[in-house]
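# Observations on the three-dimensional arrangement
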Amino acid sequence: RDNFRKALDHARIHGNAAQIQEEVWDFKECNEVTCMLFHPGPKKPSLREKLRRLFIEGGGGMWDYVVTHNSQGEVGHYQHIGLHNHVKDALREHCDQLKAGAAARLLPLPRLPELLVFNPMPEINASMSQIKKFMVRHYLLGDDEMSKLAEGGFIFDPNLGTQHSFLADYDALMRYTEHIVPERYFARPAQLTLTPCERSGLYFQYLWSNSISRDRLGAESFTSWRAKQVADEFLNHVLRTSCTSPDVPRYPHVCSKIRGYLSSNEWSEVIFGFMFKMQQYWDERFKPQIGS
């Protein structure tokens, strides 16, 4: 939380972000299926109750946008998925109340707040803005972590007796293209759900590629060629919905990168080669062991 606040402090010195306000709620941070429920503890308001109160008391119908995690939790993070579900349901209830109130008073329908979600696209590796890099650095590499960094960017974990590469995590996230889209336009296929990299030397991976059963997603087996086809379809969708529609946040550098990737054989070969490495890594990891 301290690192998060320091990241916000850094944002406040730049432009419109100077007016940003913060409020951190006391829910335990975790990443298990049960974390999606956000149990508040005895005699404490639930997350849904706190969200209802925020929407009503924090501006009523004056909210323009609400930004939250996407339905995949970006990298399959259970608590992020749960937060997405809670925010989406609470905002829907709030919008229904606004519409009902306007109808009861015979008033015009008010402008309803729109739900926006994160849509990271490491496939195109469009570098994020400099201020975002500083914020991520403060968040991931706070003062305590920076002071523990050894040569090579590793932090020793005394509980596990291992070294953890914080700089590797930082470098990977630097390539997660910043992008926000209306929730209705979020369309990353389930096969392309992003997952943590597990020290494979790759800066992003697909759930599809590291599923041990490989068919648990109800799709064909992962291959580098098929993965590229699905990725191309996904990026074409983003191009149609986020780069031509007038009612979406604008990211010209992202749209330019997508167009360049889809039209360039060189870019296609790069992403194909990356997915081939992904396939090789997991094939090697899960191949049957001789004598087992």
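Keep in mind that what you see is a predicted model, and the values were worked out from it rather than measured. (Residues numbered from 1 in each chain as written. Predicted model: local features only at pLDDT ≥ 70, side-chain atom pairs only at ≥ 80, totals over all residues. Heavy atoms only, no water.)

Within the fold, Ile124 resides in the loop between β2 (114–118) and α5 (130–140). Counting along the chain gives 53 residues from Ile124 to Thr177, while the straight-line C-alpha distance between them is 7.3 Å. Once you skip the residues sitting within four places of it in the chain, Ile124 turns out to touch Thr177, Leu235, Val254, Lys257, Ile258 and Trp267. (Helix = DSSP H or I, 4+ residues; strand = E, 2+ residues; numbered from the N terminus. Contact = heavy atoms within 4.5 Å.)

Take the packing of aromatic side chains next. Each aromatic ring pair is specified by the distance between its two centres and by the angle formed by the two planes. Under the criterion given, the structure shown has five aromatic pairs. Considering the side-chain rings of Phe55 and Trp63, the 6.2 Å spacing of their centres and the 85° angle between planes classify their relative orientation as edge-to-face. Seen in terms of ring centroids, Phe204 and Tyr206 are 5.4 Å apart; in terms of plane orientation they differ by 65°. Their pairing is edge-to-face. An identical accessibility class is assigned to Phe204 and Tyr206; each is buried. Taken together through their ring pairs, the aromatic side chains of Phe204, Tyr206 and Phe274 make up a single cluster. For the cation-ring pair, Arg111 lies above Tyr65, with the distance from its terminal atom to the ring centre recorded as 5.4 Å. The ring of Tyr185 is capped by Arg184, whose NZ or CZ atom sits 4.6 Å from the centre of that ring. (Phe/Tyr/Trp six-rings, centres within 6.5 Å; stacked < 30°, edge-to-face > 60°. Buried < 20%, exposed > 50% of the residue type's maximum accessible area, 1.4 Å probe, protein only. Lys NZ or Arg CZ within 6 Å of the ring centre and 35° of its normal.)

Once that is clear, we can look at the state of the cysteines. Think of a disulfide as a covalent bridge from one cysteine sulfur atom to another cysteine sulfur atom. Following the criterion strictly, the structure yields two disulfides and no others. One disulfide bridge connects Cys30 with Cys35, the sulfur atoms lying 2.0 Å from each other. In this structure the cystine formed by Cys30 and Cys35 twists about its S-S bond by roughly -140°; its chirality is therefore left-handed. Under the relative-accessibility criterion, Cys35 is labelled buried at 6%. Cys243 shares a disulfide with Cys255; S-S distance 2.1 Å. Residues Cys243 and Cys255 are joined through a disulfide that is left-handed, its torsion about the S-S bond being -95°. Of this pair, Cys243 sits in the loop between α9 (224–242) and α10 (252–263) while Cys255 sits in helix α10; the two residues are twelve residues apart in sequence, bridging distant segments of the chain. The two residues Cys243 and Cys255 agree in class, both being buried. Numbered in order of appearance, the disulfide-bonded cysteines of the chain are paired 1-2, 3-4. (Disulfide = S-S within 2.5 Å.)

Residues Phe4, Val24 and Tyr139 make up a contiguous nonpolar surface patch of roughly 260 Å² in combined accessible area. Topologically, Val24 is positioned in the loop between α1 (2–12) and α2 (47–57). (Patch = residues over 30% accessible without salt bridge, like charges linked within 9 Å, V, L, I, M, F, W, Y side chains within 5 Å. Areas by Shrake-Rupley, 256 points an atom, 1.4 Å probe, with all protein chains shown as cover. Salt bridge = Lys/Arg side-chain N within 4 Å of Asp/Glu carboxyl O.)

Looking now at the sheet that holds β2. Read from one edge of the open sheet, three strands run β1-β2-β5, paired in mixed fashion. Of all strands in the sheet, those with a lone pairing partner are β1 (65–68) and β5 (180–182), marking the two edges. On average, adjacent strands in this sheet sit at an angle of 30° to one another, irrespective of strand direction. In the sheet, β1 pairs with β2 via four bridges, with the strands oriented parallel. (Pairing = 2+ DSSP bridges. Axes fitted to C-alpha atoms, helices over the stretch in contact; angles between N-to-C directions.)

A word on the nonpolar core. Counting 33 residues, the largest nonpolar core has Met121, Phe204, Tyr206, Ile258 and Met278 as its most contacted members. Elements represented by at least two residues in this core include exactly α9, α10 and α11 (265–286). Top contributing element to this core by residue count: α9, with seven residues. If we skip the residues at most four places from it in the chain, Met121 touches Arg175, Thr177, His179, Arg188, Phe234, Leu235, Val238, Val254 and Ile258. Listed in part, the eleven residues of the second largest apolar core include Leu47, Phe55, Val87 and Leu91. (Core = buried A, V, L, I, M, F, W, Y, C linked by side-chain atoms within 4.5 Å.)

Moving on, we come to the confidence of the model for the chain. Residue-level pLDDT values for the chain average 80, and 80% of them are 70 or greater. The lowest-confidence element of the chain is strand β3 (residues 154–157), averaging 49 in pLDDT; the highest-confidence one is β2, averaging 95. Of the regions scoring below 50 in pLDDT, residues 150–156 engages in 19 contacts with residues more than four places distant in sequence or in other chains. (pLDDT = per-residue confidence, 0-100.)

Applying the stated criterion to the full structure yields 14 salt bridges. Across the salt bridge formed by Glu114 and Arg184, the nearest N and O atoms sit 2.4 Å from each other. Remark: Arg184 occurs in the loop between β5 and β6 (194–195) and Glu114 occurs in strand β2; sequence separation between them is 70 residues. The salt bridge partner of Asp232 is Lys228, with a shortest N-O separation of 2.5 Å. Linking Asp232 with Lys228, this pair stays in helix α9, spanning four residues, or about one helical turn. Neither residue differs from the other here; Asp232 and Lys228 are each classed as buried. One network of salt bridges, with partners in common, ties together Arg48, Arg52, Asp89, Arg92 and Glu93.

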